[in-house]
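# Per-entry structural report
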Amino acid sequence: MKKQMVFIFVLCLSAVALGDHFVPFVIPAEPAADSAIRFSSAPIVDDDDRIVVRNGHFYRGQEPIRFWGVNFSFSANFPDKKDAPILARRLAMAGINSIRCHHMDTSRWPRGLWDPQKPNEIHPEALDRLDFFIHELAKAGIYIDLNLHVGHPHSQFLDIPDSGQTYDKIANLFTPGLIEAQKEFARKMLTHFNPYRKMKYADDPAIAIVEITNENSFFMWSSEESIRSLPPYYADLLQQQFNAWLKKKYNTSQALSSAWNKEAQPLGQTLLKNGIFSQFTNSGVPAHWNTEQHGECKAYTTKADHNNRPCIKIDIEKIDGTEWHIQFNQNGLSLKQGQYYTVSFQAVAPVSRKIHCNATMAHEPWSNMGLSRSITVTPAWQEFRLGFTANASDDNARLSFVLGGDETDVFLAEVRLQPGGQVGLEKNESLEQSNIALFGDKEVQARKLDRLIFFAETEKAFFDGMKSHIQTVLGSPSLVTGTIVFGPLGLYGQSDMDFIDAHAYWQHPRFPNRPWDQNDWLIEQKSMIDNPEEATLFRLACERLAGKPFTVTEYNHPAPLDSQAECVPLISSFAAAQDWDGVWLYSYAHGNDAWGTEQFNNFFDIHANPAKWGFIPAGAAIFLKHGFHPLPREKWIPLADENPLLHGIAEVHLQYDRNMFQVMGRKTPYRWYHITTERVGHLLDPSDTPPPFSPPFKSYLDWQINDNKKAGFSALGPGVMFCAGDRQMVAQVSRQRIQMQSPDFVAVALTILNGKQWTEADKILLTVCGRCENVGMGFSQDRRTIGTKWGGPPARIEAPVGAVEVPPAEWTCHALKPDGSLGPVVPVKNENNKSIVSISPEFQTMWYLLTK
């Protein structure tokens, strides 16, 4: 280890009694004029300040730049003019150098851009406020990521049918009218003249990034279900495009039949035991089947006869909002990778309801093996046939019916799982009649691959066309990205964008009954640090494409997680270790009428949440000021090995779906801890491997977990020491240099504020936090929800008790007030070549400033 990085970092118990030490810490809307936390960026003036891509990274002129940003959502993008300069100053002083203008297009004024009286026109006051806000941000050196399509359903305002999809997603990737509407909106925005900047958006170097559409892909979550349920206008259009694509590729039905039908396979014997439910145990339950119940859920399975049809009845007595908490399944099934299987069954319910049918491992990590389908069961008996190709071999797989989403009982009969059953081109299908369905009931792999390749080419053509429209037709030199990565084919679709983007949330709230019901939601009280096997960071790392800048434009560990203080320092240190190019926390705010609030009142807003906003300066020091250097080792894996390339990528996608972490390890065993030691990503072309990179100083990540599922994480670099997790494991990862007795979970970041290294440091910020809550938050007994009981002001932090050992020197330490000004002096003890700072809730702070 380099000499300048050697110091020890200790937290130990002080004289303050142990227990909950919550202290008010309301960070005001306007920092003090003499705030000790004061970052700055040069104003954005002309083309010399424009962001470009060079050597796979962002540059401002000749200097490399990273983006440390936040999202502004809905009306937050349109602050009152008296608030705009205050916001810009607060952001810049905390180290923010970019904002992402998100969900501007979703609502009508005053919550969005659109004029309530003229729904296809932009409201003039919304645009004027946005103009002025951009002007103030640019003066403060803050760049703009301008989102085009996020939430506007163009189909509802055009002379075409409603797409039936949330925000027109997927439909607007292939429907000409919707594509033209997106181009027209881009024209309105980018050709708009900003009177305060005295230039069009298309000419403004402050508009660094333009995003085409948010979280939108043929390969996104539940995409197959969405495509299957498209209204006739859109379904017919997509089928016509698919048939034209097949005609171009195969020319004749005979050639198509030869390609598809060679894989056809008749049905084999069922692999299930007692699938016709003729055998029952002494207690009356079907033999060889399991009725799983988790939490407080209750269900019973009995022999039944429904409309003269022998069957079983799954009587669902109680649900808890988590679908998989009730399952009816059979384990011990042997599935072979690459083999096609057909699941068939009959089902009925007293009233229509949805159920899920899955094929998964019957053991950890419980991975899906190729089948995950949602179906609607009605009061009339129906027969269902579902086909899938096993994506792995396993001798202990299971077939499951997931039933916990509804208390309506379900009747099942004649359940079979059989190898084979594939059909290529159906007898009544032909290219000449252009009637080849997008989805077949029992598809061969060749048909699936053709559909995936058609989707990929259609999607890529949309994004490439929009990028050309923005940069060539509208003349904007802003960097353009399409949408986030959705698996191998999603990454292929983004491969000609200027950079690659991704999103991730840890423990995103779930809404068990009605989407976004603010009184009916759950968050699992789990720390990411305690659960590295599930950590979203490693999946994000594998979505990177060699030779392109990589960003994460949405990230959060939502409130009211007890461990939410890990969010900002964890993503900033991990992103720095992987040498990513930008991170935007979601979200600074969703409104523009409560900038001075003294409490946080939703999952995502961070401007009044000290567990998030309080760590933003530390994150800036880590990520922007290179307090943590990239890991020296790297691993780049080809996205596919087969030729032609797109066919190979489609095969990989068919096997692994969106799981890029599994794609990364498809040839050799690969675990999460490997990514703590090396930078990773994928290659489209093996010859595109980036040149080796050797950072000037080494940085280290250490992530350890014990048998009790408690963990500690540390990041040590030339300008940062961040440590968080369970107190006992924190001691372990710090080699006993951190001794904590309270609180049980803590996040601690020691960062150099002036960009120097430890031996030269003369200004160090110590940021510490346990839990973070408002006064009177109404937690449930298991702390998984508070409903709408967010409590009241002030926001409070759980202040750790202890001491911190810093590099030995004659330090002066002050507790900082929430506005950043100096508070009381904190004793620094110097002995045995050590400098120890005593910290305590008595100082009423999460910030300690050390100066020489």
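Residues numbered from 1 in each chain as written. Predicted model: local features only at pLDDT ≥ 70, side-chain atom pairs only at ≥ 80, totals over all residues. Heavy atoms only, no water.

## Focus: the overall build of the chain
Short version of the rule: Here a helix means four or more residues in a row that DSSP labels H or I, a strand means two or more in a row labelled E, and each is numbered from the N terminus. Partly exposed describes any residue whose relative accessible area lies between the buried limit of under 20% and the exposed limit of over 50%, with all areas from a 1.4 Å probe on protein chains only and scaled to the type maximum. Throughout, a contact is declared for two residues whenever any of their heavy atoms are within 4.5 Å. Using the Shrake-Rupley algorithm and a 1.4 Å probe, accessible areas are obtained, with residue cover drawn only from the displayed protein chains.
When its secondary structure is counted, the chain shows 15 helices and 39 strands. Projected onto the principal axes, the alpha-carbon positions of the chain cover approximately 85 × 70 × 55 Å. The buried share of the chain, taken over its 852 residues, is 61%. Taking as baseline every contact in the chain between residues at least 6 positions apart, the subset at least 24 positions apart corresponds to 74%. Total accessible area computed for the chain in this model is approximately 32200 Å², and 48% of it derives from carbon and sulfur atoms.

## Digging into the sheet that holds strand S35 (residues 812-816)
The test is simple: When DSSP locates at least two bridges between a pair of strands, those strands are taken to pair. Convention adopted: a line fitted to C-alpha atoms gives each axis, helices being fitted over their contacting stretch, and angles between N-to-C directions are expressed from 0 to 180 degrees.
Strand order across the open sheet formed by eight strands is S27-S28-S29-S30-S31-S39-S35-S36, with antiparallel pairing between neighbours. With partners counted over all chains shown, the strands left at the sheet margins are strand S27 (700-705) and strand S36 (822-826), one partner each. Pairwise comparison of adjacent strand axes, ignoring direction, gives a mean angle of 15° for this sheet. Where S27 lies against strand S28 (residues 711-717), six bridges are found, and the strand directions are antiparallel. Among the inter-strand pairings, tryptophan 703 is bridged to a residue of S28, identified as phenylalanine 713. Against the sheet, helix H12 (residues 616-623) touches strand S29 (720-726), strand S30 (745-752) and strand S31 (763-769), its axis set at about 55° to S30.

## Remarks on the packing of helix H3 (residues 176-190) against helix H7 (residues 445-473)
As a reminder, the rule being used: What sets the label is the angle itself: under 35 degrees gives roughly parallel, over 145 gives roughly antiparallel, 65 to 115 gives roughly perpendicular, and the rest give oblique. By convention the crossing between two helices is left-handed if the near helix lies anticlockwise of the far one by an angle smaller than a right angle, and right-handed if it lies clockwise. Each residue is assigned to one class: nonpolar for Ala, Val, Leu, Ile, Met, Phe, Trp, Tyr, Cys and Pro, charged for Asp, Glu, Lys and Arg, and polar for all the others, Gly among them.
Put simply, H3 and H7 touch, their axes get as near as 10 Å, and they point 30° apart. Accordingly, the angle class assigned to the pair H3 and H7 is roughly parallel. Our pair here, H3 against H7, has a crossing hand that is right-handed. Within the contact between the two elements, H3 uses Ile179, Gln182, Lys183, Ala186 and Leu190 and H7 uses Phe462, Met466, His469 and Ile470. Broken down by class, the residue content of the contact of H3 with H7 amounts to six nonpolar, two polar and one charged.

## Structural notes on the pairing of S29
Most of S29 is tucked away, with seven of its seven residues classed as buried. Relative to S29, S28 is paired through six bridges, and the arrangement is antiparallel. When the bridges of S29 are listed, glycine 717 appears paired with valine 720. Between S28 and the antiparallel strand that follows it, S29, lie two residues. Looking at chain direction, S29 and S30 are connected through seven bridges and run antiparallel. Its bridge partner being in S30, phenylalanine 722 is matched across the sheet by alanine 749.

## Some points on the packing of helix H5 (residues 232-250) against helix H6 (residues 253-261)
Here H5 crosses H6 at 95°, and the two axes come no closer than 9 Å. By the angle class used here, H5 and H6 are roughly perpendicular. Listed contacts from H6 to Phe242, Leu246 and Tyr250 of H5 are Ala255, Leu256, Ala259 and Trp260. Grouping the amino acids of the contact of H5 with H6 by side-chain chemistry returns seven nonpolar, no polar and no charged.

## Observations concerning unusual backbone geometry
Note on backbone geometry: most residues besides glycine have negative phi, and most peptide bonds are trans. Each neighbour pair has its own omega, and for tyrosine 586 with serine 587 the value is 0°, a cis peptide bond. Secondary-structure assignment places serine 587 in strand S24 (residues 582-589). Backbone geometry places histidine 288, a non-glycine residue, at a positive phi of 75°. Along the chain, histidine 288 falls in the loop between H6 and strand S11 (290-293). Classification of histidine 288 as partly exposed rests on a relative accessible area of 43%. Phi is positive for asparagine 833, which is not a glycine, with a value near 60°. Within the secondary structure layout, asparagine 833 lies in the loop between strand S37 (828-831) and strand S38 (834-839).

## Considering the environment of glutamate 407
Residue position: glutamate 407 is located in the loop between strand S19 (394-402) and strand S20 (410-419). Ignoring sequence-local partners within four residues, the contact set of glutamate 407 consists of Ile316, Glu317, Lys318 and Ile319.

## Description of the sheet that holds strand S32 (residues 772-775)
Backbone-to-backbone hydrogen bonds pair the strands of a sheet. The strands run either parallel or antiparallel. Reading across the sheet, the three strands line up as S1-S33-S32 and stay open at both edges, with antiparallel pairing between neighbours. The sheet is open, and its two edges are formed by strand S1 (22-24) and S32, each paired on a single side. For this sheet, the mean inter-axis angle between neighbouring strands, taken without regard to orientation, is 40°. Both S32 and strand S33 (residues 792-798) contribute to a ladder of three bridges, which runs antiparallel. Within S33, the residue paired with glutamate 773 across the bridge is arginine 796.

## As for the confidence of the model for the chain
Stated formally: As a per-residue measure, pLDDT tells how confident the predictor is, with possible values from 0 to 100.
This prediction gives the chain a mean pLDDT of 93; 97% of its residues lie at or above 70. Counting contacts from residues 1-18, a segment whose pLDDT is below 50, to residues more than four positions away or on other chains yields 68 contacts.

## Quick look at the packing of aromatic side chains
The geometry of an aromatic ring pair comes down to the distance between the two centres and the angle between the two planes. Our working definition: Any two rings among Phe, Tyr and Trp, with Trp reduced to its six-membered ring, count as a pair given centres within 6.5 Å; such a pair is stacked if its planes are under 30 degrees apart, edge-to-face if over 60, and tilted if neither.
For the coordinates displayed, the defined rule picks out 51 aromatic pairs. Relative to tryptophan 516, the ring of phenylalanine 511 has its centre 4.7 Å away and its plane inclined at 40°; by these criteria the two rings are tilted. A relative accessible area of 47% means that tryptophan 516 is categorised as partly exposed. Here tryptophan 521 and tryptophan 790 contribute two aromatic rings whose centre-to-centre distance is 6.2 Å and whose plane-to-plane angle is 25°, an arrangement assigned as stacked. Of the two residues, tryptophan 521 is situated in the loop between strand S22 (500-505) and helix H9 (536-541) and tryptophan 790 in the loop between S32 and S33; the sequence distance between them amounts to 269 residues. The class of tryptophan 790 is buried, set by a relative accessible area of 8%.

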